[in-house]
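For reference, the chains in residue letters:
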Amino acid sequence: MTNKITSLTEYLKAYQESIAHPDDFWAKIATTHFWRKSWDQVVKWRFDGDQAPDVQWFVNGKLNITENIFERQLFMRENQTAIIWEPNDPKEKEIYLTYGELFEKVNQFANTLLKLGVKKGDRVAIYLPMVPELAISMLACARIGAIHSIIFAGFSATALSDRIVDAQAKVLLTADGGFRGNKTIALKEISDEALETSPTVEQVVVLKRTGESVSMKEGRDIWWHDAIKNVSTENTAEVMDAEDPLFILYTSGSTGKPKGVVHTTAGYMVYSEYTFKNVFQYDEGDMYWCTADIGWVTGHSYIIYGPLLTGATTIMFEGIPTFPDAGRFWDIVDKYKVNQIYTAPTAIRALMAQGDEWVTKHDLSSLKVLGTVGEPINEEAWRWYHEVVGKGHCPVVDTWWQTETGGILIAPLAGITPTKPTMATLPLPGVQPVLVDQEGNEIKGNGVQGILCIKHPWPGMLRTTWGDHDRCYQTYFSMYKGLYLTGDGAKRDEEGYYRIIGRIDDVINVSGHRIGTAEVEDAINQHPKVVESAVVGYPHPIKGSGIYAYVIAEEMADAQKNGLEDEIRDTVNRLIGPIAKPDVIQMVSGLPKTRSGKIMRRILRKIGEGDATQLGDISTLLDPSVVEEIIAGAKVEVKR
Ligand code: WTA
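Residues numbered from 1 in each chain as written. Predicted model: local features only at pLDDT ≥ 70, side-chain atom pairs only at ≥ 80, totals over all residues. Heavy atoms only, no water.

Quick look at the packing of aromatic side chains
Phase 1: For the structure on display, the rule yields 39 aromatic pairs.
Phase 2: Consider the rings of Tyr 268 and Tyr 305, whose centres lie 5.5 Å apart with planes at 90°: the pair is edge-to-face. With Tyr 268 in helix 10 (residues 265-279) and Tyr 305 in helix 11 (residues 297-310), this residue pair connects regions lying 37 residues apart in the sequence. The residues Tyr 268 and Tyr 305 share a single accessibility class, namely buried.
Phase 3: Each ring, one from Trp 458 and one from Tyr 484, has its centre 5.6 Å from the other, and the planes form 75°; the classification is edge-to-face. Taken together, the residues Trp 458 in the loop between strand 22 (448-454) and strand 23 (464-465) and Tyr 484 in strand 24 (residues 484-492) connect sequence positions 26 residues apart.
Phase 4: Overall, Tyr 484 belongs to the buried group, its relative accessible area being 0%.
Phase 5: Arg 163 extends its terminal NZ or CZ atom over the ring of Phe 155, reaching a point 4.2 Å from the ring centre.
Phase 6: Positioned above the aromatic ring of Trp 223 is the side chain of Lys 208, whose terminal nitrogen or guanidinium carbon lies 4.4 Å from the ring centre. (Phe/Tyr/Trp six-rings, centres within 6.5 Å; stacked < 30°, edge-to-face > 60°. Helix = DSSP H or I, 4+ residues; strand = E, 2+ residues; numbered from the N terminus. Buried < 20%, exposed > 50% of the residue type's maximum accessible area, 1.4 Å probe, protein only. Lys NZ or Arg CZ within 6 Å of the ring centre and 35° of its normal.)

Right, dumping it as structure tokens:
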């Protein structure tokens, strides 16, 4: 397979080349793609200064990413399975789509979008469950140059509307409903509510999935099956500039509303393919399965774009790990003889808690690579994954990256880079991580710890935040001059291996999902009886971090008996979605604030962690006595 590293020596050599001559390195990789017109310059960049960040890869190159998935490979892959779709309910039939079939469906839906008036550069919001049409529609957008903005189907109407409005989407693609374990989610109903406050949407295409009855608004809503009727399956791809946006994906940060991370065409394409084949060491004919949802970046890059660009067979799973029982993941591995599995520590811990028999009763001998992503993997989970799932012979590939990075930045190459429990190991070629102190001074050498930054662009990095370029600069490039700030802390051990410790900002990683504490606080504060709140993360055995909310209510005495806690959870559910619901709510009469009115989260975080032994100096607080009250009423056991 072209551009695939096959030994540690090759990796070391590639890494060195990529640092010494990044242009030559990436140019060589990109020449294996299909370009309508080649680039004039490999990379042009500036992290700081006027209009920064300004990052352009393959400047003036022209291409279409779907031509690289289809036309580039069809002559050899027409009859090879591209996507296997495994339904939520194992009694329902799975679907196999070959590259040839997928191509026709993508073309047909591309033509459908054109018929609906969607043009190059328009935004299409996609709020679909994990069904083949999700894959088809995102590729159809890419085919015609429309920018897809996929919204995870677990988000609420308000969250959906916020994202549609920010991106000014013209069309919404949704379904009547979605299946998730033994539940259904009323996607069309939620969409209808969202659309009341989303004026830019002119048309809604509705897929029939659950068969529940929905209301269709005349002139606005159209059934998917009607929309594609008699539409041609032939389409010529739109010619895109290398830097034309491919998609927007919203993600949470430490302040304000989620921001629309923008990825562009060529760099993202080159990077997602290169990292996919190298990290997972995909071989021709392998069966690859990433368990993520396409609503998150992992699904974008490593269910769809990376694998399909490589010509892989990728499995798309509609359901959840515990339905109909805790053996579902291993059923699927066994059923399709999966070679590479890619999942999250939270799923590993949840399944580990169910007992080994669920795993051991299945034949998992096909497995070669065990991938993980989304949060730091604890040693116990790492070992269980390695020993019980992989029988000790499959490398655990701990991949560190972010929505903003587009693809994996630090990870072992499966079977090539020696692994160590809990370590993401070494940077991929082209990636230059640095650790800095609070002042931004680089911490050199090994056996050190600091704030993780990146000092040279890589092709898959974000280019801007939708509609607000300055926000992109402020968030990622303003803190330390000339560096991309990841928001994570990391250790570099004696051998130069990286271990990601976790977020250093007000972002909580709940079950591998990024939740901004400010967003949750805003939602809680919307409840009419809430005066103020402060949200922190706390260690949770399955989720990694849970959400701990300290809340001041108008009438504290009534709070308990009036079920205020449940109401607060419902409010968060309504405004964001179930993933952001606080695990713990503690009613308090005050919050620890400095004399200037700033909440000292450090103290709340410590209490949530159950450790009040080192609260530091609290004498600067406006009212130090609230600390004692909070400790006494804590919902976790607190060591004093
Ligand atoms: C965390 C997911 C430790 C990290 C691809 C990062 C990880 C955030 C790992 C990005 C890992 C992701 N080890 N932490 N292997 N992978 N993270 O944008 O805090 O949903 O900043 O992208 O998840 O989450 P996001």
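Things to note about the domain arrangement of the chain
Phase 1: As assigned here, the chain comprises domain 1 (8-320 + 399-477) and domain 2 (507-632).
Phase 2: With 17 residues of domain 1 at the interface, the matching set in domain 2 holds 14 residues.
Phase 3: Across the interface of domain 1 and domain 2, roughly 1100 Å² is buried in total on both sides, 49% from carbon and sulfur atoms.
Phase 4: Among the residues of domain 1 in contact with domain 2, Ser 156, Ser 252 and Trp 296 are the three that bury the most area, contributing 35% of the side total. (Domains from an automatic or database assignment. Contact = heavy atoms within 4.5 Å. Buried area = accessible area lost by both parts, 1.4 Å probe.)

Considerations on the packing of helix 1 (residues 8-20) against helix 2 (residues 22-30)
Phase 1: Contact geometry of helix 1 with helix 2 gives a least axis separation of 5 Å together with a crossing angle of 120°. With respect to helix 2, the element helix 1 is oriented oblique. Contacts between helix 1 and helix 2 involve Ala 14, Glu 17, Ser 18, Ile 19 and Ala 20 from the first element and Pro 22, Phe 25 and Lys 28 from the second.
Phase 2: When the residues that make up the contact of helix 1 with helix 2 are grouped by side-chain class, the tally is five nonpolar, one polar and two charged. (Axes fitted to C-alpha atoms, helices over the stretch in contact; angles between N-to-C directions. Parallel < 35°, antiparallel > 145°, perpendicular 65-115°, else oblique. Nonpolar A, V, L, I, M, F, W, Y, C, P; charged D, E, K, R; others polar.)

Here's the deal with the pairing of strand 25 (residues 498-503)
Phase 1: As paired elements, strand 24 and strand 25 share five bridges and run antiparallel to each other. Within the sheet, the bridge partner assigned to Gly 489 lies in strand 25 and is Gly 502.
Phase 2: The turn joining strand 24 and strand 25, which pair antiparallel and follow one another in sequence, is formed by five residues; a positive phi near 85° is taken by Gly 496. (Pairing = 2+ DSSP bridges.)

Description of the pattern of salt bridges
Phase 1: Enumeration over the complete set of coordinates arrives at 43 salt bridges.
Phase 2: Within this structure, Glu 86, Lys 93, Glu 94, Arg 328 and Lys 335 form a network of salt bridges that share partners. (Salt bridge = Lys/Arg side-chain N within 4 Å of Asp/Glu carboxyl O.)

Observations concerning the site of the ligand
Phase 1: Close to the ligand lie 17 residues, the nearest being Asp 398, Thr 399, Thr 403, Asp 488 and Arg 514.
Phase 2: Gly 374 places a polar main-chain atom, nitrogen or oxygen, 3.1 Å from a nitrogen atom of the ligand.
Phase 3: Out of a free accessible area of 520 Å², the ligand has 96% covered by protein chains.
Phase 4: When residues of the shell around the ligand are traced back to their parent elements, those giving at least two are helix 11, strand 20 (396-399) and strand 25.
Phase 5: Tallied by class, the residues present in the shell around the ligand amount to six nonpolar, six polar and five charged. (Near = heavy atom within 4 Å. Polar contact = N/O pair within 3.5 Å; in protein donor to acceptor, adjacent residues only side chain to side chain. Areas by Shrake-Rupley, 256 points an atom, 1.4 Å probe, with all protein chains shown as cover.)

Brief notes about the sheet that holds strand 21 (residues 433-436)
Phase 1: The strand order across the open sheet built from four strands is 21-22-24-25, with neighbouring strands paired in antiparallel fashion. Each edge of the open sheet is held by one strand with a lone partner, namely strand 21 and strand 25. Within the sheet, the average angular offset between the axes of one strand and its neighbour, ignoring direction, is 45°.
Phase 2: As paired strands, strand 21 and strand 22 are joined by four bridges and run antiparallel to one another. Paired with Val 434 across the two strands is Cys 453, which belongs to strand 22.

A closer look at the sheet that holds strand 19 (residues 369-373)
Phase 1: Read across the sheet, seven strands follow the order 5-4-17-16-18-19-20 without closing on themselves; strand pairing throughout is mixed. The open sheet has two free edges, formed respectively by strand 5 (95-98) and strand 20, since each of these has just one partner strand. Averaged over neighbouring strand pairs, the angle between their axes works out to 20° when direction is ignored.
Phase 2: Inspection of the sheet shows strand 4 (residues 81-86) paired to strand 17 (residues 313-317) by four bridges, in the parallel sense. Residue pairing across strands places Trp 85 opposite Met 316, the latter belonging to strand 17.
Phase 3: Seen against the sheet, helix 6 (residues 132-144) touches strand 4, strand 5 and strand 17 and runs at an angle of roughly 120° to strand 17.

A look at the nonpolar core
Phase 1: Grouped together as the largest cluster of nonpolar side chains are 162 residues, with contacts concentrated most on Trp 26, Phe 58, Leu 102, Leu 139, Ile 304 and Tyr 305.
Phase 2: Lining this core are residues from two domains, each supplying at least three of them: domain 1 (8-320 + 399-477) and domain 2 (507-632).
Phase 3: The contacts of Tyr 305, once residues within four sequence positions are left out, are Ile 65, Ile 69, Met 138, Leu 139, Ala 142, His 148, Leu 246, Phe 247, Tyr 268, Ser 272 and His 300.
Phase 4: Val 359, Leu 364, Ile 377 and Trp 384 belong to the second-largest nonpolar core, a separate cluster that totals 30 residues. (Core = buried A, V, L, I, M, F, W, Y, C linked by side-chain atoms within 4.5 Å.)

Notes on the pairing of strand 14 (residues 245-251)
Phase 1: Of all seven residues that make up strand 14, six are buried, and the element is covered over most of its length.
Phase 2: Summarising the sheet, strand 7 (residues 147-150) and strand 14 pair through two bridges and their orientation is parallel. Residue pairing in the sheet places His 148 in a bridge with Phe 247 of strand 14.
Phase 3: Note: strand 14 against strand 15 (residues 259-264), six bridges, orientation antiparallel.

A short note on the side chain of Asp 488
Phase 1: In this fold, Asp 488 is placed in strand 24.
Phase 2: Although Asp 488 is buried, it makes no salt bridge; Arg 503 carries the closest opposite charge, 4.2 Å away.
Phase 3: In terms of polar contacts, Asp 488 uses its side chain to reach the side chain of Trp 400, at 2.9 Å.
Phase 4: Look past the residues within four positions of Asp 488 in its chain and what remains in contact with it is Trp 400, Gln 402, Gly 450, Ile 451, Leu 452, Ile 500, Gly 502, Arg 503 and Ile 504. (Lys, Arg positive; Asp, Glu negative; His and termini not counted.)

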